[in-house]
Amino acid sequence: MNMSFYNAAVGAYQQQLRMDVQSNNIANVNTQGFRCERVSFGELMNRDVTGINDSRLPTGTGARVTQATVDFSARGYKDTGRRFDFAINGDGFFALYDPETQEISYTRDGSFTMAQFWIPPAEDAEPEIDEDGNEIEPQPTSVWRLSDNEGRCVLDPQGNFIVVDPEDRDQPLTLGVFDFAIRDGLQHADSSRFLATERNGQLYLGTGEVKQGLIEMSNTDMTQEFIKVIESQRAFSYCLKMVTTSDEIESTFNNLRS
C-alpha cells in the first residue's frame, strides 16, 4: 500500500515540474529569440515480479522528468527597420562576451544597440607631460561597440568586438554566426541566452545568414502549450485521486482489524 502512495506523490510532483516548464514557455511567448522547452519523462527503478505460471512481470515505481530539451525551430520574424536589429535566417547563434565575467554566451535575440565601453590604460603606459612640465596620468579611453544593452559585447566571425563609429552609424557591420554540432545540452540562461557545455563539442561558424532590420520572435506555440497544460492538470488530478483511493483502502483495512 505504501508503494501506491509513493507512486502517486512522485507523479504529482513530476507533473508540477512539467507545469513549471509550460508556464515558462507561455510567459515568454512575446520574448524575442526565445526557445521553448519540451519535457521528457523516463521510468524510475524497475523490477520483475512472479506472476501466474511463474511468469516474470515487469513493475516499476513511476516516472520522472529526465530533461527539458530545447526546441530550436524558428517560427517567424518581425520587421523593425531599426539599424541595430539583426536576425539569423537559418542555423546558428550570435555570440556575446561579458567583459566582467569573461563569459561567452549565445543567443538568437539580435536586438542590439551601440554602447560605450571604457578601456583602462596599459600597465606600462607612460604618463604624459603638459606644457608646464607636470605629469598627466594615463586616462582610460572610450570606444563604442555593438552590445546587447546588458554590458555584453557582440562578436564578429573572428571573435573580435564589433566597433561602431558614432559619427557613421550606417557603416556595414559583420556579425558572427556560430553553431555547435550537438545542440542538445545547451544550458538555458537569462535573456534568451545559452551557455555551452562539454557535451556540445567543437564550436564552428554557422551557416545562417544575418538579416538586418529584423527580429526573430519566440517559437512558443500557444495551442500546443495549452494542450500540454491540460494534460498536466489532468495527470496531476489523477495522482491526487490515487492518493485519496489509497487512503480509503488503508482506512478500510484498519477498521477491519478493529
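Residues numbered from 1 in each chain as written. Predicted model: local features only at pLDDT ≥ 70, side-chain atom pairs only at ≥ 80, totals over all residues. Heavy atoms only, no water.

Caption draft 1: Highlighting the overall build of the protein. The secondary structure content of the protein amounts to two helices and 19 strands. Computed over the C-alpha atoms, the radius of gyration of the protein is 28 Å, more than 25% above the 18 Å expected from 2.2 N^0.38 for a compact globule of 258 residues. The principal-axis extents of the C-alpha atoms in the protein amount to approximately 105 × 45 × 30 Å. Taking all 258 residues of the protein together, 33% fall into the buried category. For the protein, long-range pairs separated by at least 24 residues make up 66% of all intrachain contacts whose partners lie at least 6 apart in sequence. Accessible area for the protein stands at about 15,700 Å²; split by element, carbon and sulfur atoms hold 49% of it. Averaged over its 22 positive side-chain charges, the protein has a centre that lies 16 Å from the centre of its 41 negative ones. (Helix = DSSP H or I, 4+ residues; strand = E, 2+ residues; numbered from the N terminus. Rg over C-alpha atoms; globule rule 2.2 N^0.38 Å. Buried < 20%, exposed > 50% of the residue type's maximum accessible area, 1.4 Å probe, protein only. Contact = heavy atoms within 4.5 Å. Areas by Shrake-Rupley, 256 points an atom, 1.4 Å probe, with all protein chains shown as cover. Lys, Arg positive; Asp, Glu negative; His and termini not counted. Charge placed at Lys NZ, Arg CZ, Asp CG, Glu CD.)

Caption draft 2: Here's a closer look at the packing of aromatic side chains. Following the criterion strictly, the structure yields seven aromatic pairs and no others. Plain terms: the ring middles of Tyr97 and Phe161 are 5.6 Å apart, the flat faces sit at 45° to each other, and that makes the pair tilted. Taken as a pair, Tyr97 in strand 7 (residues 94-97) and Phe161 in the loop between strand 13 (153-154) and strand 14 (178-180) lie far apart in primary sequence, 64 residues in all. Here Phe161 falls in the partly exposed class, since its relative accessible area comes to 32%. (Phe/Tyr/Trp six-rings, centres within 6.5 Å; stacked < 30°, edge-to-face > 60°.)

Caption draft 3: Representation of the environment of Lys228 in the model. Turning to its location among the elements, Lys228 is positioned in helix 2 (residues 222-257). Each C-alpha atom of the pair Lys228 and Val39 lies 10.0 Å from the other, and the pair is 189 residues apart in sequence. The contact partners of Lys228, leaving out residues within four places of it in the chain, are Arg18, Gln22 and Arg38.

Caption draft 4: Structural context of the nonpolar core. Ranked by size, the top nonpolar core spans 14 residues in total, and within it Phe86, Phe112, Leu146, Val154, Leu173 and Leu175 carry the most contacts. If you list the elements that add at least two residues to this core, you get strand 6 (86-89) and strand 7. Ranked by size, the runner-up nonpolar core spans 10 residues in total, among them Val70, Phe178, Leu186 and Phe194. (Core = buried A, V, L, I, M, F, W, Y, C linked by side-chain atoms within 4.5 Å.)

Caption draft 5: Looking closely at a negative patch on the surface. The grouping of Glu123, Asp124, Glu126, Glu135 and Glu137 at the surface amounts to a negative patch. Note that Glu123 resides in the loop between strand 9 (113-119) and strand 10 (128-129). Overall, Glu123 belongs to the exposed group, its relative accessible area being 84%. (Patch = residues over 30% accessible without salt bridge, like charges linked within 9 Å, V, L, I, M, F, W, Y side chains within 5 Å. Salt bridge = Lys/Arg side-chain N within 4 Å of Asp/Glu carboxyl O.)

Caption draft 6: Quick look at the pattern of salt bridges. Summed over the entire model, instances satisfying the criterion amount to 16 salt bridges. Residues Arg38 and Asp71 are paired through a salt bridge, measuring 3.8 Å at the closest nitrogen-oxygen approach. Residue Arg38 is located in strand 1 (residues 37-43), and its partner Asp71 is located in the loop between strand 4 (63-70) and strand 5 (77-79); the two are separated by 33 residues in the primary sequence. The partly exposed category is assigned to Asp71, whose relative accessible area is 23%. In this structure, the salt-bridge partner of Arg108 is Glu216, at a minimum N-O distance of 2.9 Å. Residue Arg108 is found in the loop between strand 8 (104-107) and strand 9, and its partner Glu216 is found in strand 19 (residues 214-216); the two are separated by 108 residues along the sequence. Each of Arg35, Arg108 and Glu216 takes part in one network of salt bridges that share partners.

Caption draft 7: Quick look at a nonpolar patch on the surface. Together, Ile249, Phe253 and Leu256 give the surface a local cluster of nonpolar side chains, amounting to about 300 Å² of exposed area. Checked against the element boundaries, Leu256 lands in helix 2. With a relative accessible area of 67%, Leu256 lands in the exposed category.

Caption draft 8: The side chain of Thr220, seen in detail. Within the secondary structure, Thr220 sits in the loop between strand 19 and helix 2. Here the side chain of Thr220 touches Asn25 through a polar contact of 3.2 Å, landing on its backbone oxygen. Separated by 3.1 Å, the side chains of Thr220 and Ser218 make a polar contact. Those residues in contact with Thr220 that sit more than four places away from it in its chain are Asn25, Ile26, Asn28, Val29, Phe34, Cys36, Arg75 and Glu225. (Polar contact = N/O pair within 3.5 Å; in protein donor to acceptor, adjacent residues only side chain to side chain.)

Caption draft 9: Inspection of helix 1 (residues 2-27) at higher detail. Here helix 1 is 26 residues long and its end C-alpha atoms lie 38 Å apart, about the 38 Å a rise of 1.5 Å per residue gives. Taken together, the buried positions of helix 1 are occupied by Ser4, Asn7, Ala8, Val10, Gly11, Ala12, Gln14, Gln15, Arg18, Val21, Gln22 and Asn25. (Expected span 1.5 Å × (residues − 1).)

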